[in-house]
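# Reading the structure
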Amino acid sequence: MERGAITKVAVFLTAFLLVGLTCVIVSLNEMQLQQIMAASHSAFTTFATQISINGSSPAPSPPPPAFRLLIGILTLPDNYQRRNIIRLVYGSQKPKISQIDVKFVFCNLTKEEQRVLVALEIMRFDDIIILNCTENMNSGKTFTFFSSLPNMLDSPARSRPPPYDYIMKADDDIFFRLNRLEESLVDKPREDMYYGFVIPCDSMDPFDKYMSGMGYILSWDLVEFVTNSSFARNHSAGPEDMMTGEWLSAGGVAKHRYNNKPAMYDYPIPVPIDSCSHDFIPDTIAVHRLKDHAKWVRTLKYFNFTDNLKPHGMIRIPVIICSLFFVVVGVVLISQAHVQEIMREGDGAFSRSTAANNSSDFHFFKATITHQADPTPTIPAPSFRLLIGVFTDPRKYLHRNFLRLVYGTQRPELSEIDIKFVFCNLTDEEQQVFVAVEIMRFDDIIILNCSEKEDGGKTYSYLSSMPYMFDTPRGSRPAPYDYVMKVDDDTFVHIGELEESMKGMAREDMYCGFQSSCQKMDQARSPSMAYVLSWDLTELVGGSSDPKAQQVGLQQLLAGDGWQREGRRAAKNRYSGKAYMYDSPGTHACGHELNPNTIAIYGLKDERKWIQALTYFNMTSNLKPSKFYHIP
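Here we summarise the structure given alongside this text.

Okay, the overall build of the chain next. What the chain contains, in helices and strands, is 17 helices and 24 strands. Considering the chain as a whole, with its 632 residues, one finds that 51% of them fall into the buried category. Residue pairs at least 24 apart in sequence account for 74% of intrachain contacts in the chain once pairs closer than 6 positions are excluded. Accessible surface, the chain as shown: approximately 29,500 Å² in total, 55% of it carbon and sulfur.

Rendered as structure tokens:
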């Protein structure tokens, strides 16, 4: 071959390899690079932790926050979906130098379902203030909010230090970037301060009129002023943001005023109707008028909100990168990322505390670390470990939030029970953004490599993926869980009764559920509402060479003639939960009246049935009294 031809080939191959290497690096950035870095960081953290635990010097106390801010988001009791989005968005942001607390604010509850669901929200998140007022927008709700705070926070007039330096009133359709917000506040006065987006839209003078109701801040002394102002009390009705400005002007207060244009603005629209709206800018503090999912998605994408999502084997959110190159060589990398590079982050994503986002939300059983110089009794090992996979659809954001309330307020006494939501590949941009934020906030989702359709192999994918997700070779012991449960998202599982019922069950070759025939009491098969397998049976499913395994349901696999192990039918230890696992009352023959010893109720297809079940089992009985709310 001529030298010129050899050179051309060499250049081509070099370029090809560089493109490939670039794609791999970008792919690693999306799927694996953070994991590799996290592993090295984990090693350092472990070493540092050993020093602080074994050494004689205690870890230094964190510095006090630069300031303390309470954000009160004025909303309505029925706006569950909006609260779900806002919890995801603010719960996934961590202020660097300040303390920022977020509370939802509304007036007295008026419906039975509100009393149940809002009580569960308070028990689960403790982020709601219920004012003693009738729900309104411009008839005194904002005044009631400000004037109630000193009593709620047990802060007598002029007592110092105050519970918060600043109080914000915000709408429920605004997105604040908390790090930008705290940067803009850190050098502001702690007294006599009024901060926001000045009205009218084209004004830049903070003393012009008043700050827009999208989101404005008062220093604590101004909150005290409003509380004690007879003028404010007698002029509480009217456009709330304008009235706040009038209260302050009439009292000759708020000498320090700050307008945050253009960093605060209304959502960009193709043809702006006024100068309150403009295009996204990198230095944004807040975007207002996010009235629907599409606007939230576009806003979060612009600010790369999900960039901090840590990759691991239980999630598979696709990113289109170097697609032509990966058609040639990337299939191996993708399959490795999806199958082999599972759970390389230490102890596993199911069981880690995820201190970075304070969301060890469904890992109920806590282990303790004992200091060598001061031994402390350790918590005994759990009696068993159970993973509950709730089968659902990626689009059911609100229902997942509701189930987080139901299960997050139940605590097993002796076992370790983890709950994850299970669905197949994401199919649109909205899912990719919102599900990513859910994972960042709660870390309670498994995304399988399958399609969402009936009898499409979802159950097989779930069970057969277990050993790979936990990097557990078949037959290795101890297994990460003793049992794995599959449950539908319209089934209520009573955690305490489930735990009690499983204490004496076999740890291997075990199959438990509600048999498919409503009249029979044998243990032949269990329908899809809810059933439990011992870990070794998930290994059996994953190791099956049966070509039908991916097309037929689990019940047929375990009971079918072709599925035998060591010359016998699998799952010799079978338990029926009949009488304590049943359909919702009034559905069909498998349903009956609610039972105090219920393990699971299936077929809760609407809010009314859920409220009936939760009320029967007194799910809100542990709600603690507080000055922040009163639920009759």
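In this section: the packing of aromatic side chains. Scanning all chains against the criterion turns up 23 aromatic pairs. Three or more aromatic residues link up through ring pairs in this structure, and these residues are Phe175, Tyr267, Phe280, Trp296, Tyr302, Phe303 and Phe305. Over the face of the ring belonging to Phe628 we find Lys103, whose NZ or CZ atom lies 5.3 Å from the ring centre. The positively charged end of Lys188 is found above the aromatic ring belonging to Tyr258, 5.2 Å away from the centroid.

Once that is clear, we can look at the sheet that holds strand E5 (residues 175-176). Read from one edge to the other, the open sheet built from 3 strands follows the order E5-E12-E11, with strand pairing classed as mixed. This sheet does not close on itself; its edge strands, each paired only once, are E5 and strand E11 (264-266). Looking at chain direction, E5 and strand E12 (residues 286-288) are connected through 2 bridges and run antiparallel. Its bridge partner being in E12, Phe175 is matched across the sheet by Val287.

Residues Leu69, Phe176, Leu181, Leu386 and Ile388 are the most contacted members of the largest nonpolar core, which totals 142 residues. In terms of residue count, helix H12 (residues 429-442) provides more of this core than any other element does, 8 residues in total. Counting 25 residues, the second largest nonpolar core, distinct from the first, contains Met314, Tyr460, Tyr462 and Leu533.

It is worth spelling out helix H14 (residues 495-502) at this point. Those residues of H14 that sit buried are Ile495, Leu498, Glu499 and Met502. Projected down its long axis, H14 carries its buried residues within an arc of 100°, all on one side. Residues of H14 that are buried sit in contact with strand E13 (385-391), helix H11 (397-408), strand E14 (416-423), strand E16 (483-488), strand E17 (492-493) and strand E19 (530-534).

So, about the side chain of Ser584. Residue placement: Ser584 occurs in the loop between strand E23 (581-583) and strand E24 (600-602). Ignoring any residue separated from it by four or fewer positions in sequence, one finds Ser584 in contact with Gly591, Ile601, Tyr602, Gly603, Leu604 and Lys609.

The next thing to look at is the packing of H11 against H12. Running from amino to carboxyl end, H11 crosses H12 at an angle of 15°, the nearest separation of the two axes being 12 Å. The orientation of H11 with respect to H12, classified from their angle, is roughly parallel. Between H11 and H12 lies a crossing whose hand is right-handed. Contact residues: H11 offers Tyr397, Arg400 and Arg404, while H12 offers Glu430, Gln431, Phe434, Val435, Glu438 and Phe442. Classifying every residue of the contact of H11 with H12 gives 4 nonpolar, 1 polar and 4 charged.

Looking at where Glu183 falls in the secondary structure, it is placed in helix H5 (residues 178-185). Along the backbone, Glu183 and Ile285 are 102 residues apart, and their C-alpha atoms lie at a distance of 9.5 Å.

Note on placement: Leu623 falls in the segment after helix H17 (607-616). Sequence separation between Leu623 and Arg124 is 499 residues, and the spatial gap between their C-alpha atoms is 9.7 Å. Contacts of Leu623, omitting those with residues within four sequence positions, involve Ala119, Ile122, Met123, Tyr629 and Ile631.

So, about the pattern of salt bridges. Taken as a whole and judged by the stated rule, the model has 30 salt bridges. Close ionic contact of Glu121 with Arg83 constitutes a salt bridge, the shortest N to O distance being 2.9 Å. Placement of Glu121 in helix H3 (residues 112-125) and of Arg83 in helix H2 (residues 80-91) is noted, with a sequence separation of 38 residues between them. Residue Glu121 shares its accessibility class with Arg83, and that shared class is buried. Note that Arg395 and Asp393 form a salt bridge whose closest N and O atoms lie 2.8 Å from each other. Owing to a relative accessible area of 57%, Arg395 belongs among the exposed residues under this scheme. What makes Asp393 buried here is its relative accessible area of 14%. Several salt bridges converge on common partners, so that one network encompasses Arg83, Arg87, Glu121 and Asp127.

Here the focus is the pairing of strand E2 (residues 99-106). Two faces make up the sheet, and in a regular strand the side chains alternate between them. In the sheet, strand E1 (residues 68-74) pairs with E2 via 7 bridges, with the strands oriented parallel. Residue pairing across strands places Leu69 opposite Ile100, the latter belonging to E2. Read from E1 through H2 to E2, the crossover connection turns out right-handed. Where E2 and strand E3 (residues 128-130) come together, 3 bridges link them in parallel fashion. What sits directly across from Phe104, in E3, is Ile128.

Between Lys261 and the following residue, Pro262, the backbone shows a cis peptide bond with an omega angle of 0°. Examined against the element boundaries, Pro262 turns out to sit in the loop between strand E10 (256-259) and E11. The linkage connecting Arg477 with the following residue, Pro478, adopts the cis geometry, with an omega of 5°. Structurally, the position occupied by Pro478 is in the loop between helix H13 (458-469) and E16. The residue Asp154 is not glycine, and still its phi comes out positive at about 50°. Following the sequence through the fold, Asp154 ends up in the loop between helix H4 (141-152) and strand E4 (166-170).

This part covers the sheet that holds E23. Taken in spatial order, the 3 strands line up as E17-E24-E23 in an open sheet, and their pairing is mixed. Because the sheet does not close on itself, it has two edges, and the strands there are E17 and E23. Looking at chain direction, E17 and E24 are connected through 2 bridges and run antiparallel. Within E24, the residue paired with Phe492 across the bridge is Ile601.

With 5 of 5 residues buried, E4 is to be regarded as a mostly interior element. Because side chains alternate across E4, one face comprises the buried residues Tyr166, Met168 and Ala170, and the other comprises Ile167 and Lys169, equally buried. One ladder, built from 5 bridges, connects E1 with E4; its direction is parallel. Among the inter-strand pairings, Leu69 is bridged to a residue of E4, identified as Tyr166.

On the surface, a cluster of negative charge is contributed by Asp202, Asp205, Asp208 and Asp274. On the secondary structure map, Asp202 appears in the loop between strand E7 (198-199) and strand E8 (210-211).

Cut-offs and rules
Residues numbered from 1 in each chain as written. Predicted model: local features only at pLDDT ≥ 70, side-chain atom pairs only at ≥ 80, totals over all residues. Heavy atoms only, no water. Helix = DSSP H or I, 4+ residues; strand = E, 2+ residues; numbered from the N terminus. Buried < 20%, exposed > 50% of the residue type's maximum accessible area, 1.4 Å probe, protein only. Contact = heavy atoms within 4.5 Å. Areas by Shrake-Rupley, 256 points an atom, 1.4 Å probe, with all protein chains shown as cover. Phe/Tyr/Trp six-rings, centres within 6.5 Å; stacked < 30°, edge-to-face > 60°. Lys NZ or Arg CZ within 6 Å of the ring centre and 35° of its normal. Pairing = 2+ DSSP bridges. Core = buried A, V, L, I, M, F, W, Y, C linked by side-chain atoms within 4.5 Å. Arc of directions from axis to C-beta. Axes fitted to C-alpha atoms, helices over the stretch in contact; angles between N-to-C directions. Parallel < 35°, antiparallel > 145°, perpendicular 65-115°, else oblique. Left-handed = near helix turned anticlockwise from the far one by under 90°. Nonpolar A, V, L, I, M, F, W, Y, C, P; charged D, E, K, R; others polar. Salt bridge = Lys/Arg side-chain N within 4 Å of Asp/Glu carboxyl O. Right-handed = clockwise from strand over helix to strand, strands pointing away. Patch = residues over 30% accessible without salt bridge, like charges linked within 9 Å, V, L, I, M, F, W, Y side chains within 5 Å. Lys, Arg positive; Asp, Glu negative; His and termini not counted. Charge placed at Lys NZ, Arg CZ, Asp CG, Glu CD.

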